[in-house]
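So you can see what is in the structure, the chains are spelled out below.
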Amino acid sequence: MNDDIKVAFDRRILMLSPYEILPSKILPPEVKERIKYKRIISSVAQIGLIEPLVVARQENGKYLLLDGHVRLDALLTQGATEAKCIVADDDESFTYNKRVNRLAPIQEHYMIVRALERGVAREKLALALDVDVRVIEQRRHMLRGIAPEVIELLKDKAASQITFQKLRKMKPIRQLEVAELMVSANNFTGSYVKALLATSKASDLHRPDQLKRATGLSTEQMARLEREMTSVTEDYKELEASYGDDMLVLVVAAGFLERLLSRPEIEKFLFDRHPEFLDNFRSIIVAASLDHQSAAAA
Amino acid sequence: MTTDAPEVRMVPVDAINVLNPRARNKRVFQELVNSIEHLGLKKPITVSQRPGRARYDLVCGQGRLEAFIALGQPEIPAIVIDVPEEDCYVMSLVENLARRQHRPLELMRAIGALRERGYSHQEIAAKVDFSVEYVYAICYLLENGEEKLISAVDRGVIPHSIAMEIARAKDGEVQQALALAYEEKSIRGNQVLAIRQIIERRNNSGKGLRERGSRSRSGGRLVTSESLIRAYQKETERQKLLVKRATLARSRLSFVSTALRRLLADDHFVALLRAEGLQTLPRPLAERVNGRVQWS
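These numbers were taken from a predicted model, which means no experiment stands behind them. (Residues numbered from 1 in each chain as written. Chains lettered and ligands numbered in written order. Predicted model: local features only at pLDDT ≥ 70, side-chain atom pairs only at ≥ 80, totals over all residues. Heavy atoms only, no water.)

(A) Region of the structure containing the overall build of chain A. Broken down by element type, chain A carries 14 helices and five strands. The buried share of chain A, taken over its 298 residues, is 52%. The long-range fraction of contacts in chain A, counting pairs at least 24 apart against all pairs at least 6 apart in sequence, stands at 69%. In the structure as shown, chain A presents an accessible area of about 14,200 Å², 51% of it carried by carbon and sulfur atoms. (Helix = DSSP H or I, 4+ residues; strand = E, 2+ residues; numbered from the N terminus. Buried < 20%, exposed > 50% of the residue type's maximum accessible area, 1.4 Å probe, protein only. Contact = heavy atoms within 4.5 Å. Areas by Shrake-Rupley, 256 points an atom, 1.4 Å probe, with all protein chains shown as cover.)

(B) Main features of the state of the cysteines. In this structure the tally under the stated criterion is zero disulfides over all chains. Free cysteine: Cys60 of chain B, not disulfide-bonded; nearest cysteine sulfur from Cys88 of chain B at 9.7 Å. (Disulfide = S-S within 2.5 Å.)

(C) Up close: the pattern of salt bridges. Counting across every chain of the model gives 32 salt bridges over all chains. As a salt-bridge pair, Lys25 of chain A and Glu106 of chain B come within 3.1 Å of each other at their nearest N and O atoms. Of the two residues, Lys25 of chain A sits in the loop between strand 2 (21-22) and helix 1 (35-47) while Glu106 of chain B sits in helix 4 (residues 104-116), which places them in two different chains. The buried category is assigned to Glu106 of chain B, whose relative accessible area is 10%. When the shortest N-O distance is used, the salt bridge between Asp246 of chain A and Arg250 of chain B registers 3.7 Å. (Salt bridge = Lys/Arg side-chain N within 4 Å of Asp/Glu carboxyl O.)

(D) Spotlight on the nonpolar core. Counting 81 residues, the largest nonpolar core has Leu53 and Leu125 of chain A together with Ile16 of chain B as the members making the most contacts within it. Broken down by element, the residue count for this core peaks at seven residues, all from helix 3 (residues 85-97) of chain B. Those residues in contact with Leu125 of chain A, other than ones at most four positions away along the chain, are Ile112, Leu116, Val120 and Ile136 of chain A together with Val90 and Leu93 of chain B. By size, the runner-up hydrophobic cluster in this structure holds 58 residues, among which are Ala253, Leu278 and Ile284 of chain A together with Val289 of chain B. (Core = buried A, V, L, I, M, F, W, Y, C linked by side-chain atoms within 4.5 Å.)

(E) Highlighting the environment of Ala137 of chain B. Here Ala137 of chain B lies in helix 6 (residues 132-143). Look past the residues within four positions of Ala137 of chain B in its chain and what remains in contact with it is His160 and Met164 of chain B.

(F) Expanded view of the sheet that holds strand 2 (residues 16-17) of chain B. Residues and elements named next belong to chain B. Strand order in the open sheet made by the five strands is 1-5-3-4-2, with mixed pairing throughout. Where the open sheet ends on each side, the last strands, each with one partner, are strand 1 (8-12) and strand 2. The sheet contact formed by strand 3 (residues 45-48) and strand 5 (residues 75-81) spans four bridges and is parallel. Bridging across to strand 5, Val47 finds its partner in Val80. Contacting strand 2, strand 3, strand 4 (56-60) and strand 5, helix 2 (residues 62-70) runs over the sheet at an angle of about 150° to strand 5. In this fold helix 3 packs onto strand 3, strand 4 and strand 5, with an angle of close to 25° to the strand it touches most, strand 4. (Pairing = 2+ DSSP bridges. Axes fitted to C-alpha atoms, helices over the stretch in contact; angles between N-to-C directions.)

As structure tokens, then:
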């Protein structure tokens, strides 16, 4: 037998006037400039509320909004007279947004492809999402020419449309290399993948001539960048894995050495028998503390 | 009020078709399951049922549905509407895509807001299903404007206890705090690397986060050769710096290990250590000295 999970809201849905609902926070002003905000406003205009707003009943009989601040804004802008609302048992607003599992671009792509396959018109999707039909087409073909291993690697990462545009220009081996670098640096931005594309070897690209023209760099410049990048990246990959551990064991070691040298008997022993160790121990202790300072000041 | 409010019904979980499933981050999903188990379901899912049909199509709430299944629940509270399958696809996409991403700071302010409404740390912890220590740490970081640390805690990069230590520590002490945490095994080596990067950025450019918008706008710009070289140089610099530090750290460490190994082979030295009560090497160091950790 499983215990029943608590239902933390009233099962009766209320239709409230948007004016009866008090926001629990003020939306940051820059939010209204964002594409997502405009998309939400437009989707509410096209389809209405899909999920209800969530409110808490207050002692004075008013309702405090817990979830759906932008959607309430949209309803007010449109002059809507009522909104479907769920009344929560508690009055915290943290859980609603904290527990959202964001859709990675690759998942978004799959969802769009499936919807189109099942006969949803491109135009209808474009309208509901407030984007141009071309954007829907781009999303549909986002993974064209991308190696399967790369898709697997990036399937739940925030790698954007631009990432795949750039990856597509590379041959599969290089695609995988770049995807691994992005994961290891935890950097999925367009500028990063552009830099990695620009420093790819000509033999790693499908259309090397096209790229060189687009970047405006000379062949010599490119060759130099490529050489540097390749050698650094090899060292980097090798050391990255052990660096965190090494640094910390070193700090732990320096602390231990410091304790050793604080005991006159031990210091004297080293001075008499192993003066070369003593000097090096001292410089490692100093270096470890300098390292903190430089790391802190860097 | 009007009478056409939709109703919430208990719907059997095995009667719901997920039309357009998506893969999800496992960690975030597990957190959702835990949250639902402890706090209950906060919002009904939405399903569509066509007249005369027994089964339902999911419109939104795949995560909540899967969490209920994982928790062994036969039924889930659902808002039942009646729309064609095609519309289910559209609504489900809209619900997933027309959704604002909350900055960690804005998210965490919801905890700060509860504090401002007069709830104690204990009361807040019970409301959001986090430990009292977590709530206390978040309130402390909020009060001190530690946006980078809040963001790191929210993403799970830094444990909240360590973030508190970092926020309280003076610069030189940060490294020691990290080393201690590492020795106590509360954080792993590769996490330390990520934490160091955050600390360095925090020291470079302050505690605040850059406006998110500025980055996405520059992302849309055309590639110029200068911006390209700059981006590339930044990346190479980052890698070079790490290689330099890593090589140095490795050579120092291997010196310490070799020296200690030789000293420990000397009975006289071991006797001295014992007399001073220093015969036990810190564990991570002992592992290196005994060679149990292989160099790659």
